[in-house]
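# A closer look at the structure
The chain contents come next:
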Amino acid sequence: MKKPLKTFLEKSEEKAFSAEHRKRINFNMGKYHVKVKEGKKQFEDLEKARKVANNIKAYTMQNLPYLLEEFEKHFTSRGGKVIWAESSEDALMEIDKIINAKKAKLIVKSKSMITEEIKLNPFLKNQGVEVLETDLGEFIVQVKGEPPYHIVTPAMHLSKEDIAELFHKEFGTSSDATAEELTAYVRKVLRGRFTEADIGITGGNFLLADSGSVVLVENEGNARLTTTLPKTHIAIVGIEKMIPSIEHLSIFLPLLSTYGTGQRLTVYNTILSGPRQAGETDGPEDMYVILLDNGRSDLLADEHMRESLYCIRCGSCLNNCPVYQNIGGHSYDSPYSGPIGSIVSPHLHLGKFEDFSHLSHASTLCGSCSENCPVNINLHQLLLNNRIYEESENLRSGTEKLIWSSWKKAMLNRKLMNVPSFSKNILAKLFLTKAWGERRIFPKFPGKSFNQLWKKGKV
Ligand code: SF4
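Residues numbered from 1 in each chain as written. Predicted model: local features only at pLDDT ≥ 70, side-chain atom pairs only at ≥ 80, totals over all residues. Heavy atoms only, no water.

## Quick look at the side chain of Ser 213
Along the polypeptide, Ser 213 turns up in strand β6 (residues 213-218). Side-chain polar atoms of Ser 213 contact the side chain of Ser 273, separated by 2.8 Å. Here Ser 213 is in contact with Phe 71, Phe 206, Leu 207, Leu 208, Ile 271, Leu 272 and Ser 273, once residues within four sequence places are set aside. (Helix = DSSP H or I, 4+ residues; strand = E, 2+ residues; numbered from the N terminus. Polar contact = N/O pair within 3.5 Å; in protein donor to acceptor, adjacent residues only side chain to side chain. Contact = heavy atoms within 4.5 Å.)

## Overview of the pattern of salt bridges
This structure, assessed with the given rule, holds 23 salt bridges. Between Lys 97 and Glu 94 there is a salt bridge; the shortest N-O distance is 3.3 Å. Taken as a pair, Lys 97 and Glu 94 lie in helix α5 (residues 88-102) at a separation of three residues, close to a single helical turn. Residue Lys 109 is joined to Glu 133 by a salt bridge in which the shortest nitrogen-to-oxygen separation is 2.6 Å. One end of the pair, Lys 109, is in strand β2 (residues 106-109); the other, Glu 133, is in strand β3 (residues 130-133), with 24 residues separating them in the sequence. Residues Lys 109 and Glu 133 agree in their burial class; the two are buried. Each of Glu 117, Glu 240, Arg 296 and Arg 313 takes part in salt bridges that share partners, so that together they form one network. (Salt bridge = Lys/Arg side-chain N within 4 Å of Asp/Glu carboxyl O. Buried < 20%, exposed > 50% of the residue type's maximum accessible area, 1.4 Å probe, protein only.)

## Some remarks on the site of the ligand
Neighbouring residues of the ligand: Cys 311, Ile 312, Arg 313, Cys 314, Gly 315, Ser 316, Cys 317, Ile 340, Cys 373, Pro 374, Ile 377 and Leu 379. Along the lines of polarity and charge, the residues of the shell around the ligand split into nine nonpolar, two polar and one charged. (Near = heavy atom within 4 Å. Nonpolar A, V, L, I, M, F, W, Y, C, P; charged D, E, K, R; others polar.)

## Observations regarding the domain arrangement of the protein
Annotation of the protein at the domain level lists domain 1 (3-10 + 314-392), domain 2 (14-147 + 194-296) and domain 3 (399-455). With centres defined by C-alpha atoms, the gap from domain 1 to domain 3 works out at 29 Å. (Domains from an automatic or database assignment.)

## Notes on the packing of helix α3 (residues 46-62) against helix α12 (residues 249-261)
Following both chains from N to C, one finds α3 and α12 inclined at 115 degrees, their axes separated by 10 Å at the closest point. At the point where α3 passes α12, the crossing takes the left-handed sense. Here α3 contributes Leu 46, Ala 49, Arg 50, Val 52, Ala 53, Ile 56 and Lys 57 to the contact with α12, which in turn contributes Ile 251, Phe 252, Leu 255 and Tyr 259. (Axes fitted to C-alpha atoms, helices over the stretch in contact; angles between N-to-C directions. Left-handed = near helix turned anticlockwise from the far one by under 90°.)

## Details of the environment of Lys 231
Looking at the secondary structure, you find Lys 231 in the loop between α11 (222-228) and β7 (232-238). Residues Lys 231 and Ile 199, spaced 32 residues apart in sequence, show a C-alpha to C-alpha distance of 6.3 Å.

## Considerations on helix α9 (residues 160-171)
When the terminal C-alpha atoms of α9 are compared, their 16 Å separation across 12 residues agrees well with the 16 Å that a helix rising 1.5 Å per residue should span. All of the buried residues along α9 are Ile 163, Ala 164, Leu 166 and Phe 167. Looking straight down α9, one finds its buried side chains confined to an arc of 165 degrees; they lie on one side. Looking at α9, the residues exposed on the side facing more than 90 degrees away from the buried face are Glu 161 and Lys 169. Looking at the buried side of α9, the elements it contacts are α8 (136-144) and α10 (179-196). (Expected span 1.5 Å × (residues − 1). Arc of directions from axis to C-beta.)

## Remarks on a nonpolar patch on the surface
Together, Ile 403, Leu 427, Leu 430, Phe 431 and Leu 432 line one region of the surface with nonpolar side chains, adding up to about 490 Å² of accessible area. With four residues, the single largest contributor to the nonpolar patch is helix α22 (residues 421-436). Secondary-structure assignment places Leu 430 in helix α22. (Patch = residues over 30% accessible without salt bridge, like charges linked within 9 Å, V, L, I, M, F, W, Y side chains within 5 Å. Areas by Shrake-Rupley, 256 points an atom, 1.4 Å probe, with all protein chains shown as cover.)

## A few points about the pairing of β2
Burial along β2 is two-sided: the residues Leu 106 and Val 108 and Ile 107 and Lys 109 are all buried. Examined bridge by bridge, β2 and β3 share four bridges and lie parallel to one another. Within β3, the position partnered with Leu 106 by the bridge is Glu 130. Sheet topology note: the β2/strand β4 (residues 199-202) ladder contains three bridges and is parallel. (Pairing = 2+ DSSP bridges.)

## Quick word on unusual backbone geometry
The phi angle at Asp 333 is positive, at roughly 55 degrees, despite the residue not being glycine. Secondary-structure assignment places Asp 333 in the loop between α15 (322-327) and α16 (338-344). In this structure, Asn 376 takes a positive phi of about 60 degrees despite not being glycine. Looking at the secondary structure, you find Asn 376 in the loop between α18 (368-371) and α19 (379-392). Classification of Asn 376 as partly exposed rests on a relative accessible area of 25%.

Listed below in structure tokens is the structure:
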């Protein structure tokens, strides 16, 4: 068995059978679903809004090269610097150059999955630079030494008690501190660090082609401090985050906040169009936007997979996926988990396609992801497309191929189908017990096949 698949199965089993994990996820997801139901009421015609969002993204992807150049033209006209990074390595190398030029020692970050994708934090640590997460959830998982659990709510798997215990151990706060006390503690720690930091690093929720801007959406205000207090701001953004015009935010901002957290609008929505201009009081002296490809151009070129680039990372498909709800975010071993993570992880340059192709099989294909995607992405079809690609590239294991070819042979052979059931039961036990697992009752073939019963007139 391939190692990534084995690790996935082990981690999934551990989470799926943990009553504690289930309790926490059910609790947090329960709250999410109630809020989202309420948030959706703000749309007069939600289905129309989803279709419009899908159309805008389709247009964007068809015109992406032009829109990226438009973005660059407008952003640089206000003194911003654009860096094109084909891979994670390119992005890290460019960040390193900036760090060296600025002699940076402390970097503050706001929540960004793309920095997880390029493995920014371990890289910075290796370079001897201190990096501090400033989003509350990210701060908690950073202290715990874990990757984010969810693309929107990184510490969803932890209870308030877990966090109080963690802070007690790490910072000596009271072990029964309330949520307010814990938040106040983090706020106090972070405030001073924002002013000490040399560089602020963020991702970007949207890129606006017509104004050359990066849009940041957040609830805590930490991204605003990250982008305004340090003298240098670096935004690392995937090229697919583009939308043509600032006008289109009127549809994307409410969709993102409603499907992300159930809010009508996220608390802080910031549009940054370059560094501080003459006469302005706030903002960094230098602002860089790193436009990351890392496999996205290949998705763009593939008409069967292009739709995956429409994603606005709201997390709704994760929260509505029965598989995610059982196995949790860490089992995926990718910065992008859940249905959308299973779709894009094999294509982004996170490893080889085969390292993540098993994720597309971790789905019931119930379609709940597609039904609950604000951009109307046909997610379950994309999962199937990955499976088709895997098959066409001959990436299935030898054992699996053997099982399927034997099954096909048997199904097409009447004599084999009619062999006595005890032989079928022995063969099935021999080859399928492990795959079936210990926790399910192994099925038994009936005494007679349908064909035999039909001939005897018993059906
Ligand atoms: S695929 Fe759709 S539902 Fe899933 S995170 Fe992206 S936008 Fe949200």
